[in-house]
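Here are the chains, one letter per residue:
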Amino acid sequence: MVSVSHISKSYGPLQVLRDLSFTVSKGEMVAVTGPSGSGKTTLLQILGTLDRPDSGQVVINGVSTDTLDGDQLARFRNQHIGFIFQDSRLLPEFTAWENILLPACIAYGVSPSGHTSATPTDTIATEQEISTFEQTVQWCRQLVELCNIHDCVMRQPRQLSGGQQQRVAFARALSLRPSLVLADEPTGNLDPENAENVMTLLNKLRTICRCTVILSTHNLELTRFTDSHIRLAS
Ligand code: ADP
Ligand code: MG
């Protein structure tokens, strides 16, 4: 699913990643750990094709990402990758529900207004192919239920707690059913109880959505939620 071979990355004289290689299987949940400054964000940005390594290769779903550029990269990201950040990065002028719909609105060229109900009316099976905007909206409604945000999804992000905002960000990241979810310190702003809840939810979502998850954390305790663990040295 993800294959990283011999990647290195420096910023000026500072070598952040050196000859790093690993593979991640489909459906696996992997933690990247290491102290602050060890290169976790750098690695996730490279995996997410938001940055390039100085040398080495990243292959995702059989595609060598160094062969893509410009529009191809943007399309590849939309089709294959969902991003979750430490701060939820929801757009403040939209409701949580509109935030969840936005990737689909962009992908299908549809306005987010007018899709007012977040209540599922139909069920889309996870193995069913989604090929229309309406099906995607239906899937987003299911994500609202899965993420247990039904009661708060019509509010604006500033009216939500940190844990609720992060659950909305999860639903948004999964809205186009990416095969790879990259989460950079998804629990970094949360108290221990919320951090555990968010990790449990991430685990549930990866099982239901059958996606691969690579997350970074400096909290070694959270690796008990993951299948394996890549440790970056400081
Ligand atoms: P982590 O996420 O583990 O805290 P980062 O990947 O953010 O680590 O950063 C690793 C190192 O690279 C840090 O020393 C950081 O200051 C440096 N760094 C990250 N991005 C840049 C950049 N764009 N330019 C210069 N240095 C950078
Ligand atoms: Mg970081």
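Just above, that's the structure.
Parameters and conventions
- Residues numbered from 1 in each chain as written.
- Chains lettered and ligands numbered in written order.
- Predicted model: local features only at pLDDT ≥ 70, side-chain atom pairs only at ≥ 80, totals over all residues.
- Heavy atoms only, no water.
- Pairing = 2+ DSSP bridges.
- Helix = DSSP H or I, 4+ residues; strand = E, 2+ residues; numbered from the N terminus.
- Axes fitted to C-alpha atoms, helices over the stretch in contact; angles between N-to-C directions.
- Core = buried A, V, L, I, M, F, W, Y, C linked by side-chain atoms within 4.5 Å.
- Buried < 20%, exposed > 50% of the residue type's maximum accessible area, 1.4 Å probe, protein only.
- Contact = heavy atoms within 4.5 Å.
- 1 Å grid on protein atoms, 1.4 Å probe; cavity = no way out; pocket = protein on both sides within 12 Å on 5 of 7 lines; lining within 4 Å.
- Points joined across faces, edges and corners; volume = space filled by probe spheres on them.
- Parallel < 35°, antiparallel > 145°, perpendicular 65-115°, else oblique.
- Left-handed = near helix turned anticlockwise from the far one by under 90°.
- Nonpolar A, V, L, I, M, F, W, Y, C, P; charged D, E, K, R; others polar.
- Near = heavy atom within 4 Å.
- Polar contact = N/O pair within 3.5 Å; in protein donor to acceptor, adjacent residues only side chain to side chain.
- Disulfide = S-S within 2.5 Å.

Novice: Residue-level account of the sheet that holds strand β8 (residues 212-217), with values.
Specialist: With parallel pairing, the five strands of this open sheet are ordered in space as β6-β7-β8-β3-β9. Looking at the sheet topology across the chains shown, the edges are occupied by β6 (81-84) and β9 (228-231). Recorded for the sheet is a direction-independent mean angle of 20 degrees between the axes of neighbouring strands. By the bridge criterion, four bridges tie β6 to strand β7 (residues 180-184) in an arrangement that is parallel. Looking across to β7, one finds that I81 is bridged to L180.

Novice: Describe the sheet that holds strand β5 (residues 63-64), naming the residues involved and giving the relevant values.
Specialist: Within the open sheet, the four strands sit side by side as β2-β1-β4-β5. Their pairing is antiparallel. The sheet is open, and its two edges are formed by β2 (14-24) and β5, each paired on a single side. Sheet topology note: the strand β4 (residues 55-60)/β5 ladder contains two bridges and is antiparallel. Along β5, the bridge assignment pairs I60 with V63.

Novice: So what's going on with the nonpolar core? Which residues, and what values?
Specialist: Grouped together as the largest cluster of nonpolar side chains are 46 residues, with contacts concentrated most on W97, I100, I149, V153, F170, L205 and L215. Excluding residues that lie within four positions of it along the chain, I100 makes contacts with C140, V144, I149, V153, V168, A171, R172 and S175. By size, the runner-up hydrophobic cluster in this structure holds 25 residues, among which are V30, L43, F76 and L180.

Novice: Summarise the environment of T132; cite the residues concerned and give the values.
Specialist: Along the chain, T132 falls in the loop between α3 (96-108) and α4 (133-146). The class for T132 is partly exposed, based on a relative accessible area of 34%. In sequence terms T132 and Y108 are 24 residues apart; their C-alpha atoms lie 7.9 Å from each other.

Novice: Describe empty space enclosed by the protein, naming the residues involved and giving the relevant values.
Specialist: The full count for this structure, using the stated rule, is one cavity of 30 Å³ or more. Space inside the largest cavity adds up to approximately 60 Å³. In terms of lining residues, the largest cavity is bounded by T41, L44, Q45, L50, F83, I84, F85, L182 and D184. At the level of secondary structure, the elements contributing two or more residues to the lining of the largest cavity comprise α1 (40-47), β6 and β7.

Novice: So, the packing of helix α5 (residues 162-174) against helix α6 (residues 192-209): which residues are in play, and what are the values?
Specialist: Where α5 contacts α6, the two axes come as close as 10 Å, and the packing angle between them is 15 degrees. Taken together, the axis directions place α5 and α6 in an arrangement best described as roughly parallel. Pair α5 / α6 crosses with right-handed handedness. Of α6, the residues touching α5 (which contributes G163, Q166, R167, F170 and L174) are N194, V198, L201, L202, L205 and C209. Each residue belonging to the contact of α5 with α6 can be placed in one class, and the counts come to seven nonpolar, three polar and one charged.

Novice: Give me the site of ligand 1: which residues, what numbers.
Specialist: Neighbouring ligand 1 are Y11, L14, V16, P35, S36, G37, S38, G39, K40, T41 and T42. Backbone polar atom of G37 to an oxygen atom of ligand 1: 2.7 Å apart, as the coordinates give it. In the environment of ligand 1, an oxygen atom lies 2.9 Å from a nitrogen or oxygen atom belonging to the side chain of K40. Among the elements that make up the shell around ligand 1, the one with the highest residue count is α1 (three residues). Split into classes, the residues belonging to the shell around ligand 1 amount to four nonpolar, six polar and one charged.

Novice: Hey, could you go over the state of the cysteines for me, with residue numbers and the actual values?
Specialist: Within this structure, the stated rule accounts for zero disulfides. C147 takes part in no disulfide bond, and the closest cysteine sulfur, belonging to C209, lies 8.2 Å away.

Novice: Kindly report on the environment of Y11, identifying the contributing residues and their values.
Specialist: For Y11, the position within the fold is in strand β1 (residues 2-11). Linking Y11 and D54, residues 43 residues apart in sequence, is a C-alpha distance of 9.7 Å. Sequence-distant contacts of Y11, that is, excluding residues within four places in its chain, are made with V16, T42 and D51. A polar contact of 3.5 Å, which involves the side chain of Y11, links it to the side chain of D51.

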